[in-house]
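Chain and residue survey
Residues per chain, in single letters:
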Amino acid sequence: MRKPLIAGNWKMNTNRADAVALAKGVAAGAGELDGVDLLVCPPAVYLSVVGEALAGSAVALGAQNAYFEDNGAYTGETSMAMLADIGAEYVILGHSERRHVLGETDSDVSKKARKALELGIAPIVCVGELLEEREAGRTGEVIKSQFVGSLDGVTEADIPSVVIAYEPVWAIGTGKVATPEQAEEVHADLRRLLAERYTGEIAGAVRILYGGSMKPGNAAELLSQPNVDGGLIGGASLKADDFLAIAKAG
Ligand code: PEP
């Protein structure tokens, strides 16, 4: 059985004091939650202080991105080894803001995913279509192409550690949410792709999260879909109460 994962993507928000307070708020509520994994992904510069704030709690620490090289002349980048060093257990990869604002490609995502897996960090690999792609009936094709490209070289041994996040780009930060049926359709397609590429057993074990304007008010319906195994939450993860309410709905 897949244990739901509720992950908060804080994006480029908070400051040091707010990040610590938010982490402590989530950690304080986490004790009441059974049967769900909780994760927060603060900005890179606050990973260490948030990690300290979470110490002893059931909340995991993740990053929003990292580079695939171990070290060297890559000004401005953070390596997966550095993430491992400060205790990060997850890394979000291929978020639509990185793909569409910062030009990240499937090939970049797959290199980063393989490096994260090599170092014991679980990649959360995001895929999702643009509104014009959905309107042109191209959602399935876009998702398949991102799935294949972003997981290139990820082996059968490693794929169970990967989390996939379906994040329709038109639903991220817009207040527009996919209907539970729209989400379930893509999640079921992703699970089929996993079964074709790996095995049915593996496909049944990999968690597939939904992301895109998930809030306390719409979470229960989305999370009740058979192939929706949790959420990647942006805006609503910046308030501990809202984030915990989503986790309770799962
Ligand atoms: C996200 O950033 O991954 C996201 C889903 O954002 P929001 O919940 O704000 O739409």
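This report concerns the structure included in the present document.

Thresholds applied
Numbers given for residues are sequential positions, taken from 1 along each chain in its written order. A pLDDT threshold of at least 70 governs which residues receive local features in this predicted model, and a stricter bar of 80 or more applies before side-chain atom pairs are shown or counted, although totals over entire chains, interfaces and linings include all residues. For the side-chain quantities, the full set of heavy atoms in the structure was used; hydrogens and water were omitted. The helix and strand labels rest on DSSP assignments: H or I over at least four residues marks a helix, E over at least two residues marks a strand, and numbering proceeds from the N terminus. Here the globule rule reads 2.2 Å times residues to the power 0.38, and the radius of gyration is calculated from C-alpha atoms. Summary of the burial criterion: residues with accessible area below 20% of their type's maximum are buried, those above 50% are exposed, and those between are partly exposed, where the area comes from a 1.4 Å probe applied to protein chains only. Using a 1.4 Å probe, accessible areas were evaluated by the Shrake-Rupley method; residue-level cover was limited to the displayed protein chains. Only four residue types enter the tally: Lys and Arg on the positive side, Asp and Glu on the negative side, with His and both chain ends excluded. Taken as the charge centre is NZ of Lys, CZ of Arg, CG of Asp or CD of Glu, depending on the residue. Here, a salt bridge means any Lys or Arg side-chain nitrogen found within 4 Å of an Asp or Glu carboxyl oxygen. Here a residue-residue contact requires only that any non-hydrogen atoms of the pair lie within 4.5 Å. If a single non-hydrogen atom of a residue is within 4 Å of a molecule or strand, that residue counts as near it. Polar contacts here mean pairs of N or O atoms no more than 3.5 Å apart (in protein, one a potential hydrogen donor and the other a potential acceptor; neighbouring residues in sequence count only if both atoms are side-chain atoms). For this classification, the nonpolar set comprises Ala, Val, Leu, Ile, Met, Phe, Trp, Tyr, Cys and Pro, the charged set comprises Asp, Glu, Lys and Arg, and every other residue, Gly included, is treated as polar. In plain terms, two cysteine sulfur atoms within 2.5 Å form what is called a disulfide here. Note on method: axes are straight lines fitted to C-alpha atoms, helices fitted across the in-contact stretch only, with angles between N-to-C directions ranging 0 to 180 degrees. Crossings are assigned a handedness: left-handed for a near helix turned anticlockwise from the far helix by less than a right angle, right-handed for a clockwise turn. Residues belong to one nonpolar core when they are buried, are Ala, Val, Leu, Ile, Met, Phe, Trp, Tyr or Cys, and are joined through side-chain atoms within 4.5 Å. Between any two strands, pairing holds if DSSP finds at least two bridges. Centres within 6.5 Å are what make two rings of Phe, Tyr or Trp a pair, Trp counting through its six-membered ring; a difference in plane orientation under 30 degrees is then read as stacked, over 60 as edge-to-face, and the rest as tilted.

Secondary structure summary: the protein contains 11 helices and 8 strands in total. Its C-alpha atoms give the protein a radius of gyration of 17 Å, near enough to 18 Å, the size a compact globule of 250 residues would have. Expressed as a percentage of its 250 residues, the buried residues of the protein come to 53%. If you sum the accessible surface of the protein, you get close to 10800 Å²; carbon and sulfur atoms cover 50% of it. Side chains of the protein give 22 positive and 34 negative charges; the mean places of these two sets differ by 2 Å.

Now for the pattern of salt bridges. Across all of its chains, the model carries 14 salt bridges by this definition. Through salt bridges with shared partners, one network takes in Arg2, Arg191 and Asp229.

The phi dihedral of Lys11 is positive, around 50°, even though this residue is not glycine. Structurally, Lys11 can be placed in the loop between strand 1 (5–9) and helix 1 (16–30). Given the relative accessible area of 19%, Lys11 is considered buried. One non-glycine residue, Thr14, lies in the positive phi region at around 80°. By the secondary structure assignment, Thr14 is in the loop between strand 1 and helix 1.

Moving on: the side chain of Ser96. Note that Ser96 resides in helix 4 (residues 96–100). Residues in contact with Ser96, not counting those within four places in the same chain, are Val101, Val169 and Ile172.

What follows covers the site of the ligand. The immediate surroundings of the ligand are formed by 14 residues, with Lys11, Glu167, Gly173, Ser213 and Gly235 found nearest. Asn9 is positioned such that a nitrogen or oxygen atom in its side chain is 3.3 Å from an oxygen atom of the ligand. Coverage of the ligand by the protein chains reaches 97% of its 300 Å² of free accessible surface. For the shell around the ligand, the residue count by class is 4 nonpolar, 8 polar and 2 charged.

With that settled, the discussion passes to the state of the cysteines. What the rule picks out here adds up to 0 disulfides. Take Cys41: it sits in no disulfide, and the sulfur closest to it among the cysteines is that of Cys126, at 9.5 Å.

Let's shift gears to the packing of helix 1 against helix 11 (residues 240–249). Running from amino to carboxyl end, helix 1 crosses helix 11 at an angle of 35°, the nearest separation of the two axes being 9 Å. For the pair helix 1 and helix 11, the sense of crossing is right-handed. Residues Leu22, Gly25, Val26, Gly29 and Ala30 of helix 1 lie in contact with helix 11, whose contacting residues are Ala240, Phe243 and Leu244.

Time to look at the nonpolar core. Among the nonpolar cores identified, the biggest contains 68 residues, and Leu38, Ile164 and Leu190 are the most heavily contacted of them. Leave out the neighbours within four places in its chain, and Leu38 touches Ile6, Val26, Ala30, Leu33, Ala58, Val59, Ala60, Phe243, Leu244 and Ala247. Counting 14 residues, the second largest nonpolar core, distinct from the first, contains Ala7, Tyr90, Ile92 and Ala122.

Before going further, it helps to spend a moment on the sheet that holds strand 2 (residues 37–41). Here we have 8 strands rolled up into a closed barrel, ordered 1-2-3-4-5-6-7-8, and parallel in their pairing. Shown here is a sheet whose adjacent strand axes are inclined to one another by a mean of 25°, direction ignored. As paired elements, strand 5 (residues 122–127) and strand 6 (residues 163–166) share 4 bridges and run parallel to each other. Within the sheet, the bridge partner assigned to Val127 lies in strand 6 and is Tyr166. Lying on the sheet, helix 8 (residues 180–197) is in contact with strand 5, strand 6 and strand 7 (207–211); it crosses strand 7 at an angle near 150°.

Glancing now at the packing of aromatic side chains. Enumeration over the complete set of coordinates arrives at 3 aromatic pairs. Taking 5.2 Å as the distance between ring centres and 50° as the angle between the ring planes, the aromatic pair formed by Tyr67 and Tyr74 counts as tilted. Tyr67 sits in the buried class, given a relative accessible area of 19%. Judged by relative accessible area, Tyr74 falls into the partly exposed class, the value being 34%. Every member of this aromatic cluster is reached through a ring pair, and the members are Tyr67, Phe68 and Tyr74.

In short, geometric facts, not functional conclusions.
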